[in-house]
Amino acid sequence: MIGRILGVPAKDNAKFHRWTQAFLSASNFKNPFFLIPTIMSLLGYLKKLIKARRAQPTDDLITALVLARDEGDHLSEDEILAMIFLLLVAGHETTVNLIGSGTFALLEHPNQLARLQAEPVLIKTAIEELLRFTCPVEMATERYAREDITLAGVTIPHGELVMAVLGSANRDAKYFDNPDELDIARERNRHLAFGQGAHYCLGAPLSRLEGQIAIQTLLQRMPNLSLSIPSEQIRWRGGFVLRGIEALPVSF
Ligand code: HEM
C-alpha cells in the first residue's frame, strides 16, 4: 500500500518490498551494519524516483512532496527522503500488527468472530475495538513533564521523562466498561491507540481503512478460518513500542 501511495512502479514492487523489509527489521539484528548496502540501494532508488517525479510530475505522494511549498520554500531532497522514511517506519509494522493481532484476537473470541461474520456492518466498531484491545503501538514516544504534575498520588517533577503506556490506558476501567472483554459493537470507545493531541497519528484514517478492508475480506474469503496451533504457542515480538505477533498459523 505504502509503495502504491508513494508511487513506486508496480514492476519494482518485489525489489522495494525486499529493501523496506530489510530496513524495517534493522533493530532485530545484532549487527545492523550488515544492512548498510541494502539501505544505500533503497536510498539510491528513492533518489532516482524523486528526480523522475521532478522532471515529470504524476499523481502520487512523491510528486506531492516534490511540489509542496511552504512560503515559497520547496522541500530539499533530504527532507523528502526523511519524510518517506518516516512514513515507511510509522506506517508499516503498525498496520501489519493491527491486522495480525486483530485477527488473532477474533480467533480467540469465537462468539465475537461469529457475530462479525453474521453482521459485517459492524466492521467499523470492530476495528476500533481491535485497535483498543490489541493496541499495535503499545507505548507513545517519549515526553518530558513541562511542570511538576501529580498523577494518582505520584509527583512527576518538571523535566522528567514520561513514557505513556497506551495499551494500559486502553484498558482503564474508568473509561471502558469491562475493559478486558473484546466487544466488537462497543459504543463508548475513546481509545488512545493512535495517540492524542499534536502528535495524533497522521495515518489513522488510512490504517482504519486498511484494517477494515483486510479483516472483512479475510473473513469473507475464508469463512472457516481457525488457528492451526494452540493459542499459547503464538509468539509475541519483543520490544516496548510496537506490539505484534511473529506469525499467525491458520487453517481455512
Ligand atoms: C494501526 C496502525 C497505526 C497505529 C496503531 C499508529 C499509532 C500511532 C501513535 C500511537 C502515534 C503517536 C505517537 C506519540 O504520540 O508518541 C502515531 C504517530 C504517527 N503515525 Fe501512526 N499508527 C498507525 C499507522 C500509521 C500509518 C499507516 C502512517 C503513515 C502512512 C502513520 C504515520 C504516523 C506519523 C507520521 C506519526 C507522527 C505524527 C506526529 O508526530 O505529528 N501511522 N501513530
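Heads up: the structure comes first, above all this text.
Summary of the structure given here. Predicted model only: the values in this text are computed from it and were never measured.

Parameters and conventions
Residues numbered from 1 in each chain as written. Predicted model: local features only at pLDDT ≥ 70, side-chain atom pairs only at ≥ 80, totals over all residues. Heavy atoms only, no water. Helix = DSSP H or I, 4+ residues; strand = E, 2+ residues; numbered from the N terminus. Buried < 20%, exposed > 50% of the residue type's maximum accessible area, 1.4 Å probe, protein only. Areas by Shrake-Rupley, 256 points an atom, 1.4 Å probe, with all protein chains shown as cover. Lys, Arg positive; Asp, Glu negative; His and termini not counted. Charge placed at Lys NZ, Arg CZ, Asp CG, Glu CD. Donors = N, O, S within 2.8 Å, 3.2 Å for Na, K, Ca; no water. Expected span 1.5 Å × (residues − 1). Arc of directions from axis to C-beta. Contact = heavy atoms within 4.5 Å. Near = heavy atom within 4 Å. Polar contact = N/O pair within 3.5 Å; in protein donor to acceptor, adjacent residues only side chain to side chain. Salt bridge = Lys/Arg side-chain N within 4 Å of Asp/Glu carboxyl O.

Concerning the overall build of the chain
- Scanning the chain for helices and strands turns up ten helices and eight strands.
- Along the three orthogonal principal directions, the C-alpha set of the chain runs to about 55 × 55 × 40 Å.
- Within the chain, the fraction of its 252 residues that count as buried is 35%.
- Working note: accessible area of the chain is about 15,600 Å², and carbon and sulfur atoms make up 58% of it.
- Between the mean site of the 26 positive side-chain charges and the mean site of the 28 negative ones, the chain shows a separation of 7 Å.

Regarding the coordination of the iron atom of the ligand
- In this structure, the iron atom of the ligand receives exactly one donor atom from the protein: Cys201 (SG), at 2.3 Å.
- The residue cysteine 201 is located in the loop between α9 (166–169) and α10 (204–221) in this model.

Regarding helix α5 (residues 77–91)
- In a regular helix each residue adds 1.5 Å, so 15 residues correspond to 21 Å; α5 covers 21 Å between its end C-alpha atoms and thus fits that length.
- When α5 is considered as a whole, its buried residues turn out to be Ile80, Leu81, Ile84, Phe85, Leu87 and Leu88. Along the axis of α5, the buried residues cluster in a sector spanning 160 degrees; they form a single face.
- Structurally, α5 contributes buried residues whose contacts are with α1 (2–6), α2 (13–24), α3 (36–55) and α4 (61–67).

Remarks on the environment of leucine 227
- Along the chain, the position of leucine 227 falls in strand β7 (residues 226–227).
- Look past the residues within four positions of leucine 227 in its chain and what remains in contact with it is Phe104, Leu107, Ile234, Leu248, Pro249, Val250 and Ser251.

Some remarks on the site of the ligand
- The immediate surroundings of the ligand are formed by 25 residues, with Gly91, Thr141, Arg143, His199 and Cys201 found nearest.
- Separating an oxygen atom of the ligand from a side-chain N or O atom of arginine 143 is a distance of 2.7 Å.
- The side chain of histidine 199 places a nitrogen or oxygen atom 2.6 Å from an oxygen atom of the ligand.
- Going through the elements one at a time, α5, α6 (93–108) and α10 are the ones with two or more residues in the shell around the ligand.

A short note on the pattern of salt bridges
- Within the structure shown, the criterion is met by twelve salt bridges.
- In this structure, lysine 11 engages aspartate 12 in a salt bridge whose closest nitrogen and oxygen atoms are separated by 3.4 Å.
- Note on aspartate 12: relative accessible area 8%, which makes it buried.
- A salt bridge links arginine 53 to aspartate 60; its shortest N-O distance comes to 2.7 Å. Each member of the pair arginine 53 and aspartate 60 is classed as buried.

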